[in-house]
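# Coordinate analysis (summary)
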Amino acid sequence: MLPKSKWRQFGHEGNNKKGIIVHNTNNQQMSAEELEKWLKNDCRTSQGCHFIVDHKEVRKVMPLSWSVYNVGNALAFGNTDCIAVEICSNPSEKLYLLGQSKAIDLIIMLMGKFGLTSHDIYFHRDFQQNINCPAQILNIYGSKDKFLQEIERRINGD
């Protein structure tokens, strides 16, 4: 978890948890641990997330009680009412898919905890159409609907 002194850089207190926003990092080389260290030490922007996931682990970096700036306009629904999940891109599709599987498990857990459905899952590009995020998911599945079908399949135990 990022130190409390960094929380205001990435958001503000209060989050209604009405949705989950899925992102892919635009950096093929950073692990979840390295990205968290970068957010803690080097990041000078306000773009953040609640969770970072790679093929090894899920790292919670911000409390869920805080809104996190992750989709443009600071007061947009995606920033004030959603949980941001960042999946680390990876040049190895095998390693990326392991991380994505961990992220889907996390998303399903969050859906259950907060009474959300697949209709409450968003992609970064749902808020900023000119952003191709989550690019690696879109490259693999071709569409948001197919990714959501994978989540539903996992929920149903198929």
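See the structure printed just above.
Below is a summary of the structure that appears in this document. (Residues numbered from 1 in each chain as written. Predicted model: local features only at pLDDT ≥ 70, side-chain atom pairs only at ≥ 80, totals over all residues. Heavy atoms only, no water.)

### Here's the deal with the overall build of the protein
Put simply, the rule reads: Starting at the N terminus, helices and strands are each numbered in turn, a helix being any DSSP run of H or I of at least four residues and a strand any DSSP run of E of at least two. Atoms counted for the radius of gyration: C-alpha only. Globule rule: 2.2 Å times the number of residues to the power 0.38. Partly exposed describes any residue whose relative accessible area lies between the buried limit of under 20% and the exposed limit of over 50%, with all areas from a 1.4 Å probe on protein chains only and scaled to the type maximum. Contacts are residue-level and defined by heavy atoms, with any inter-residue pair within 4.5 Å sufficient. Surface accessibility in these figures is a Shrake-Rupley result with a 1.4 Å probe; residues are shielded only by whichever protein chains are displayed. Note on charges: Lys and Arg go in the positive column, Asp and Glu in the negative column, and His and the chain ends are not counted at all. Here the site of a charge means NZ on Lys, CZ on Arg, CG on Asp, or CD on Glu.
The helix and strand tally for the protein stands at six helices and seven strands. Traced from its N-terminal end to its C-terminal end, the protein shows the element sequence α-β-β-α-β-β-β-α-β-α-β-α-α. For 158 residues, the compact-globule estimate of 2.2 N^0.38 gives 15 Å, and the protein sits close to it at 14 Å. For the protein, the spread of C-alpha atoms along the three principal axes comes to 45 × 35 × 30 Å. Here the protein holds 158 residues, and 49% of them are scored as buried. Across the protein, the fraction of contacts at a sequence separation of at least 24, relative to all contacts at a separation of at least 6, is 71%. For the protein, the exposed surface amounts to about 7,800 Å²; the carbon and sulfur share of it is 48%. If the 19 positive side-chain charges of the protein are averaged to one point and the 17 negative ones to another, these points end up 5 Å apart.

### Quick look at the sheet that holds strand β7 (residues 121-123)
So the rule is basically this: Paired strands, in this sense, are two strands between which DSSP finds at least two bridges. Orientation is described by axes fitted as lines to C-alpha atoms, over the contacting stretch for helices, and by angles from 0 to 180 degrees between their N-to-C directions.
Here we have five strands laid out as an open sheet, ordered β4-β3-β6-β2-β7, and mixed in their pairing. Each edge of the open sheet carries a strand with a single partner, namely β4 (58-60) and β7. Within the sheet, the average angular offset between the axes of one strand and its neighbour, ignoring direction, is 25 degrees. In this sheet, strand β6 (residues 82-87) lies alongside strand β3 (residues 51-53) in parallel orientation, the contact comprising three bridges. By the bridge assignment for β6, I52 is matched with E86. In this fold helix α2 (residues 32-41) packs onto β3, β4 and β6, with an angle of close to 145 degrees to the strand it touches most, β3.

### Let's talk about helix α4 (residues 93-114)
Short version of the rule: One less than the number of residues in a helix, times 1.5 Å, gives the span that helix is expected to have.
End to end, α4 covers 31 Å across 22 residues, agreeing with the expected 32 Å (1.5 Å per residue, within 8%). Those residues of α4 that fall on the buried side of the exposure criterion are Y96, G99, Q100, A103, I104, L106, I107, L110 and M111. Within two residues after α4, G115 carries a phi angle of roughly 65 degrees, on the positive side.

### Observations concerning the pattern of salt bridges
Stated precisely, the cut-off is as follows: Here, a salt bridge means any Lys or Arg side-chain nitrogen found within 4 Å of an Asp or Glu carboxyl oxygen.
In total, this model carries six salt bridges according to the counting rule given. Here R59 makes a salt bridge to E57, at a shortest N to O gap of 3.0 Å. For the salt bridge of R154 with D105, the shortest nitrogen-to-oxygen distance reads 2.4 Å. Of this pair, R154 sits in helix α6 (residues 144-155) while D105 sits in helix α4, placing them 49 residues apart in sequence. Take D105: its relative accessible area is 44%, and that puts it in the partly exposed class.

### Some remarks on α2
Applied cut-off: Taking the helix axis as origin, the arc is that swept by the directions to the C-beta atoms.
Three or more residues of α2 are buried, namely A32, L35, E36 and L39. Buried residues along α2 cover an arc of 100 degrees about the axis, so they all sit on one side. Contact partners of the buried residues in α2: α1 (4-10), β3, β4 and β6.

### Here's the deal with the pairing of β6
Counted residue by residue, β6 has six buried out of six residues, so it is predominantly covered. With burial as the criterion, each face of β6 is covered, one bearing C82, A84 and E86 and the other bearing I83, V85 and I87. Here strand β2 (residues 19-24) runs beside β6; their pairing, made up of six bridges, is parallel. Bridge pairing links V22 to V85 in β6.

### Section: the nonpolar core
Selection rule: Here, nonpolar core refers to any group of buried Ala, Val, Leu, Ile, Met, Phe, Trp, Tyr and Cys residues whose side-chain atoms link them within 4.5 Å.
In this structure, I20, V22, V85, L110, I137, F147 and I151 are the most contacted members of the largest nonpolar core, which totals 24 residues. Those elements that place two or more of their residues in this core are β2, β3, β6, α4, β7, α5 (135-141) and α6. Examining the composition of this core, we find that seven residues originate from one element, α4, more than from any other. Apart from the residues within four sequence positions on either side, I151 is in contact with I104, I107, I108, M111 and I121.

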